[in-house]
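Fold and geometry: a report
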There are 2 protein chains.
Amino acid sequence: MSDFIGSRSKYSGSAPSSPVTIALDAMGGDHAPESVIAGAEIVHKEDPSVRFLIFGDEGKIFAQLGRHKSLKNSAKVMHCDKHVRDDEKPSVALRNSRGTGMRAAIEAVEQANADAVVSGGNTGALMALAKTTLKMLPGIHRPAIASLFPAFTGHPTVMLDLGANVLVDAETLTQFAVLGAVFAKSQRNISTPSVGLLNVGSEDTKGPDHVRSAAAILSQVTFPGRYHGFVEGDQLLMGAVDVVVCDGYAGNIALKTAEGAGRFTVAHFRKAMKSDPLALAGGVLAGFALRRFKKQVDPRLYNGGVFLGLNGLCIKSHGGSDGIGFASAIRLAVNLARHGYIGHVAEDINNLMSQESFLAQTT
Amino acid sequence: MSDFIGSRSKYSGSAPSSPVTIALDAMGGDHAPESVIAGAEIVHKEDPSVRFLIFGDEGKIFAQLGRHKSLKNSAKVMHCDKHVRDDEKPSVALRNSRGTGMRAAIEAVEQANADAVVSGGNTGALMALAKTTLKMLPGIHRPAIASLFPAFTGHPTVMLDLGANVLVDAETLTQFAVLGAVFAKSQRNISTPSVGLLNVGSEDTKGPDHVRSAAAILSQVTFPGRYHGFVEGDQLLMGAVDVVVCDGYAGNIALKTAEGAGRFTVAHFRKAMKSDPLALAGGVLAGFALRRFKKQVDPRLYNGGVFLGLNGLCIKSHGGSDGIGFASAIRLAVNLARHGYIGHVAEDINNLMSQESFLAQTT
């Protein structure tokens with residue numbers, strides 16, 4: 001192992017551009033390993049202190065690394081014969097995981113050889129393997145998937161859960177608030193992120209029981225965020241809050257609906273711009289501005305679902321993403337690791353669950 | 001009462017442009033009664049066979065009607081001293097409802113003096129009053145709010161529930177499928193609408209119990225639609241199905257998120273078009289096409305939440321809507337009445353609930 005292995009400082013944050021090691025599952029994703037290596041190269045150019053452990057078919061990986069000479073010196077390739085297939089059920093993948101790059105990359109985090117793992121592979125298998133290998137943080141029953149999305153304020157919003165658990169109780173939603181607030185702090189320079197619960201109205205009486213109970217708890221406890229109240233679907237992209245908390249059923253539906261509505265609007269707009277010669281000419285003139293617009297809301301810049309609640313950092317990249325998308329997922333990992341996410345959040349969850357106002361309402 | 005009163009044919013559809021009477025709560029909405037009368041005027045011009053019973057302050061109503069001479073002959077004004085305030089709690093509104101235009105308009109439907117009621121007033125109060133006055137259809141435990149929204153196919157999609165009930169069981173979701181399918185048939189010329197359940201994935205194993213159970217029932221029963229399977233948030237606006245069924249928590253969040261994402265995209269795009277002189281010029285050239293684009297996705301054209309499951313037709317217009325928006329809500333009412341919605345759906349719900357495959361999975 002090279003000298004940068006073992007740089008993981010699990011329970012404390014490290015300074016910006018201090019060495020950090022990211023384990024990559026090189027074979028996960030539709031365009032792997034090309035997209036994975038291209039993503040690593042982008043991050044490496046921005047920040048040469050980031051180092052990589054790359055797990056997968058070494059022949060294919062070296063073929064890609066050959067085109068990225070400088071990255072090669074910051075990376076170590078760990079050959080793995082097998083890899084988890086996209087169509088494998090999590091239970092099957094778990095049984096057959098020995099020798100796969102995905103498992104080896106997760107184990108690198110568990111063994112403190114890497115600070116975080118990033119994979120674009122089978123989501124269910126990654127979650128199952130990460131849970132089994134990294135285990136849950138003390139006191140947390142269910143992990144959540146969190147992601148950033150663009151907001152009109154210009155600052156990305158954190159949202160969780162995006163589908164790890166379809167229905168959860170009030171206590172779990174409260175834990176999600178802590179997991180999400182610390183995540184927001186790791187990605188943005190804010191000391192007390194505002195946290196909202198996704199609901200169907202702003203009044204106290206609105207919404208399902210578990211959401212109203214979570215609101216009652218969050219109004220009383222001290223946690224590393226500021227409870228804002230309920231937020232509705234149309235406020236999500238306005239940046240009304242820094243962190244949006246909900247169960248995985250609502251979160252997954254909201255996120256995918258927002259993506260779909262964005263695509264729908266752009267497609268309709270494109271159709272309109274091609275509908276008459278004047279508009280077509282207008283489109284050409286506006287081309288530069290439109291490309292900038294597209295770049296601002298480029299979903300690749302928000303790629304990466306972070307598995308929160310585990311005792312180690314694991315980030316899922318979208319399977320279809322290219323190098324630009326994969327680089328975004330790696331950046332999430334680097335920021336979380338540098339911020340000492342696991343240590344901070346373990347402490348904050350412990351603080352939450354020992355407060356009388358929490359205990360009174362959950363037991 | 002004028003001769004057009006009593007035209008309601010509750011249990012059978014009537015031919016296109018046969019007389020239909022719509023009761024209007026003239027004082028409900030931010031711009032009432034102006035928006036209400038303007039909406040009635042738009043529909044009256046399209047279809048002079050639609051007649052109106054207009055409930056509210058007759059002084060204010062006649063002041064508006066004076067500007068719409070032809071409409072005046074198709075309308076009868078019923079003076080009401082009181083009206084339900086927007087900030088009144090449903091329980092309070094219910095107690096104080098005697099003498100309000102909202103209640104009188106609903107009673108006109110209950111007494112078969114009108115075929116449907118349209119109100120832009122307090123949603124909670126309208127639902128409470130409609131439930132108490134019109135009662136539920138036999139076998140239905142909970143009403144749902146349904147609405148149309150634009151889809152990329154060009155045909156609007158029906159979605160329910162949009163917030164009447166935050167959480168429901170599988171049996172109720174199955175009833176929503178029937179309520180929604182017959183609604184789709186009333187608004188579009190389709191004999192067997194496709195119906196999808198909103199979920200977080202397309203596989204059978206995905207999602208909450210009540211959604212998976214509803215899927216199992218809908219795959220086996222005969223109902224006035226064709227069960228398509230699960231649909232995800234990003235497919236909603238693609239027009240993947242004619243009817244989308246979900247609980248009111250998910251439905252409200254999806255609808256509002258789609259609205260917010262559409263506004264977000266348009267606002268970002270506008271900002272880009274104003275960002276440099278070339279783009280500004282391009283925007284001018286493309287002006288006509290852009291206005292057409294805006295018109296296609298104009299939320300006013302999709303205004304109107306229909307309370308389904310009641311033994312009478314009640315449509316909620318958005319409180320902030322203008323005449324164009326209010327006209328859309330009235331059109332929903334006219335189509336439902338002409339299609340004989342209540343009679344058809346009562347029969348179809350009865351058919352659903354007497355099928356062995358339904359009974360086996362719900363009892």
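Preceding block: the structure.
Predicted model, so just to flag it, every value in this text is computed and none were measured. Residue indices begin from 1 for each chain and proceed along its sequence in written order. Chains carry letters and ligands carry numbers; both start at the beginning, A for chains and 1 for ligands, and go up in the order they are written. Local features are withheld for residues below a pLDDT of 70 in this predicted model, meaning they are given only at 70 or higher, and side-chain atom pairs are given and counted only at 80 or more; totals for whole chains, interfaces and linings count all residues. Each side-chain value is derived from all of the structure's non-hydrogen atoms; neither hydrogens nor water enter the calculation.

**Overview of the side chain of Glu41(A)**
Residues and elements named next belong to chain A. The secondary structure listing takes helices from DSSP runs of H or I that are at least 4 residues long and strands from runs of E that are at least 2 residues long, numbered from the N terminus. Residue position: Glu 41 is located in helix α1 (residues 34-46). Exposure classes here rest on a 1.4 Å probe applied to the protein chains alone. A residue is buried below 20% of its type maximum, exposed above 50%, and partly exposed in between. Classification of Glu 41 by relative accessible area gives buried; the value is 11%. In what follows, a contact means two residues having at least one pair of non-hydrogen atoms within 4.5 Å. With near-sequence residues (within four places) excluded, Glu 41 lies in contact with His 68 and Leu 71.

**Some points on the side chain of His44(A)**
All names here are of chain A. Mapped onto the fold, His 44 is located in helix α1. The exposure class assigned to His 44 is buried, which follows from its relative accessible area of 6%. Residues in contact with His 44, not counting those within four places in the same chain, are Val 50, Phe 52, Ser 70, Leu 71 and Ser 74.

**What about a nonpolar patch on the surface?**
Together, Leu278(A), Leu285(A), Leu278(B) and Leu285(B) make up a nonpolar patch on the protein surface, roughly 330 Å² of accessible area in all. Elements represented by at least two residues in the nonpolar patch include exactly α10 (277-285) of chain A together with α10 (277-285) of chain B. Tracing the backbone shows Leu285(A) in helix α10. You can call Leu285(A) partly exposed: its relative accessible area is 30%. Residues form patches when they are more than 30% accessible in relative terms and have no salt bridge. Like charges link within 9 Å. Nonpolar side chains (Val, Leu, Ile, Met, Phe, Trp, Tyr) link within 5 Å. Each accessible area value is a Shrake-Rupley result obtained with a 1.4 Å probe; residue values ignore everything except the protein chains displayed when judging cover. One speaks of a salt bridge when a side-chain nitrogen belonging to Lys or Arg is within 4 Å of a carboxyl oxygen belonging to Asp or Glu.

**Let's talk about the packing of helix α7 (residues 170-187) of chain B against helix α13 (residues 341-353) of chain B**
All names here are of chain B. Direction vectors running N to C along α7 and α13 enclose 145 degrees, while the axes themselves pass 10 Å from each other. Crossing of α7 over α13 shows right-handed handedness. Residue-level inspection shows Glu 171, Thr 174, Gln 175, Val 178, Leu 179, Val 182 and Phe 183 of α7 in contact with α13, the latter providing Tyr 341, His 344, Val 345, Asp 348, Ile 349, Leu 352 and Met 353. Residues are grouped as follows: nonpolar covers Ala, Val, Leu, Ile, Met, Phe, Trp, Tyr, Cys and Pro; charged covers Asp, Glu, Lys and Arg; every other residue, Gly included, is treated as polar. Looking at the contact of α7 with α13 residue by residue, the class counts come to nine nonpolar, three polar and two charged. Here an axis means a line fitted to C-alpha atoms, over the contact stretch when the element is a helix, while the angle between two N-to-C directions is reported on a 0 to 180 degree scale. Two helices cross in a left-handed way if the nearer one is turned anticlockwise from the farther one by less than a right angle. They cross in a right-handed way if the turn is clockwise.

**Topic: the packing of aromatic side chains**
Only Phe, Tyr and Trp rings take part, Trp by its six-membered ring, and two of them pair if their centres are within 6.5 Å. Stacked means planes under 30 degrees apart, edge-to-face means over 60, and tilted covers everything else. Considering all chains together, one arrives at two aromatic pairs over all chains under this definition. Summarising the aromatic geometry, the rings of Phe152(A) and Phe264(B) are spaced 6.1 Å apart at their centres and angled 75 degrees between planes, so their arrangement reads as edge-to-face. Taken together, the residues Phe152(A) in the loop between β5 (144-149) and β6 (157-160) and Phe264(B) in helix α9 (residues 248-273) connect one chain to another. Classification of Phe264(B) as buried rests on a relative accessible area of 5%.

**Points about the pattern of salt bridges**
Residue and element names in this part refer to chain A. Tallied over the entire structure, the rule returns 24 salt bridges over all chains. For Lys 45, the salt bridge goes to Glu 41, with nearest N and O atoms at 3.5 Å. Residue Lys 45 and its partner Glu 41 are located together in helix α1, separated by four residues, close to a single helical turn. Residue Arg 103 pairs with Glu 107 through a salt bridge whose shortest N-O separation is 2.9 Å.

**Here we look at the pairing of strand β6 (residues 157-160) of chain B**
Residue and element names in this part refer to chain B. In β6, alternate side chains face the same way, and those of Thr 157 and Met 159 on one face and Val 158 and Leu 160 on the other are all buried. What makes two strands pair is DSSP finding at least two bridges between them. Two elements, strand β5 (residues 144-149) and β6, share four bridges in a ladder whose sense is antiparallel. Along β6, the bridge assignment pairs Ser 147 with Met 159. As judged from the three bridges shared by β6 and strand β9 (residues 243-245), these two strands associate in the parallel manner. In the sheet register, Met 159 faces β9, and the bridge partner there is Val 244.

**Structural notes on helix α11 (residues 287-296) of chain B**
Looking at α11(B), one finds that the buried residues are Gly287(B), Ala289(B), Leu290(B) and Phe293(B). The buried residues of α11(B) occupy an angular sector of 160 degrees when the element is viewed end-on, so they sit on one face. In α11(B), the exposed positions that point more than 90 degrees away from the buried face belong to Phe288(B), Arg291(B) and Lys295(B). Contacts made by the buried residues of α11(B) are with α9 (248-273) and α10 of chain A together with α9 and α10 of chain B. By construction, the arc corresponds to the directions joining the helix axis to the C-beta atoms.

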